[in-house]
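What follows is each chain in one-letter form.
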Amino acid sequence: MSTDSPIFSFALGVPGTAQAKFSCGGSEIEFQLDNVCNPLGDLLHGMVSLITTPSQLWGEENSCHVVWYSGTDSYNWFLSVDSNQDVSLRITKSLGFFEDDEVEMLLYVCPYVELVQCVVGELDSFVKKVGLLNYAQQWQKDEFPITYFLFLKKHLIDNNRWNQEVGKQCDILSDELLLLLA
């Protein structure tokens, strides 16, 4: 198991595109994504499923598979949680939509809560800066996966991995929440 913590970043580009980066264990992968897929929704949904269906507790496999598309390439995320709550993350790249040949880009093992924390931490800053409405307008297809995001954030809070800041304004997202309450 590696000793350094994973780092995830996500930013919107021109409408319908995004850039993501995942770094860990001395490796770094950059993704140029388009809205043919729902990268955030698919990743967060997969991560939530690993928590809500803890089949590793019964000696069964607890895994998920997420596909991100980038032009004609696809990135396949394979996540598997073991009985020690460590996640094995494997990312492969397929050249072309229908290609079976995959190139392994990354193989990494870390505590599952660290992976959740790096993804949720980045998306927490991202959504507070960009806002839900701007995300929908820029991404032009799927909405920000707020339910999965909040589930994972609560998981971090419940595991004492997230400090709640009470009463702090967070710019655009605060305005949107006030709009909801109006």
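Okay, so let's go over this structure. (Residues numbered from 1 in each chain as written. Predicted model: local features only at pLDDT ≥ 70, side-chain atom pairs only at ≥ 80, totals over all residues. Heavy atoms only, no water.)

Although it is not a glycine, glutamine 85 adopts a positive phi angle of roughly 65°. Mapped onto the elements, glutamine 85 comes out in the loop between β5 (73-81) and β6 (86-95). Overall, glutamine 85 belongs to the partly exposed group, its relative accessible area being 37%. Even without being glycine, asparagine 160 reaches a positive phi, approximately 55°. Relative to the assigned elements, asparagine 160 resides in the loop between α4 (146-158) and α5 (172-181). Asparagine 160 sits in the exposed class, given a relative accessible area of 71%. (Helix = DSSP H or I, 4+ residues; strand = E, 2+ residues; numbered from the N terminus. Buried < 20%, exposed > 50% of the residue type's maximum accessible area, 1.4 Å probe, protein only.)

Adjacent strands of a sheet form backbone hydrogen bonds with each other and so pair up, either parallel or antiparallel. With antiparallel pairing, the four strands of this open sheet are ordered in space as β4-β5-β6-β7. The open sheet has two edge strands, β4 (62-70) and β7 (102-111), and neither has a second partner. The mean angle between the axes of side-by-side strands here comes to 15°, regardless of whether they run parallel or antiparallel. Where β6 meets β7, nine bridges bridge the pair, whose relative direction is antiparallel. Each bridged residue has a counterpart across the sheet, and for valine 87 the counterpart in β7 is cysteine 110. Strands β4 and β5 of the sheet are contacted by helix α1 (residues 39-52), whose axis makes an angle of about 175° with β4. (Pairing = 2+ DSSP bridges. Axes fitted to C-alpha atoms, helices over the stretch in contact; angles between N-to-C directions. Contact = heavy atoms within 4.5 Å.)

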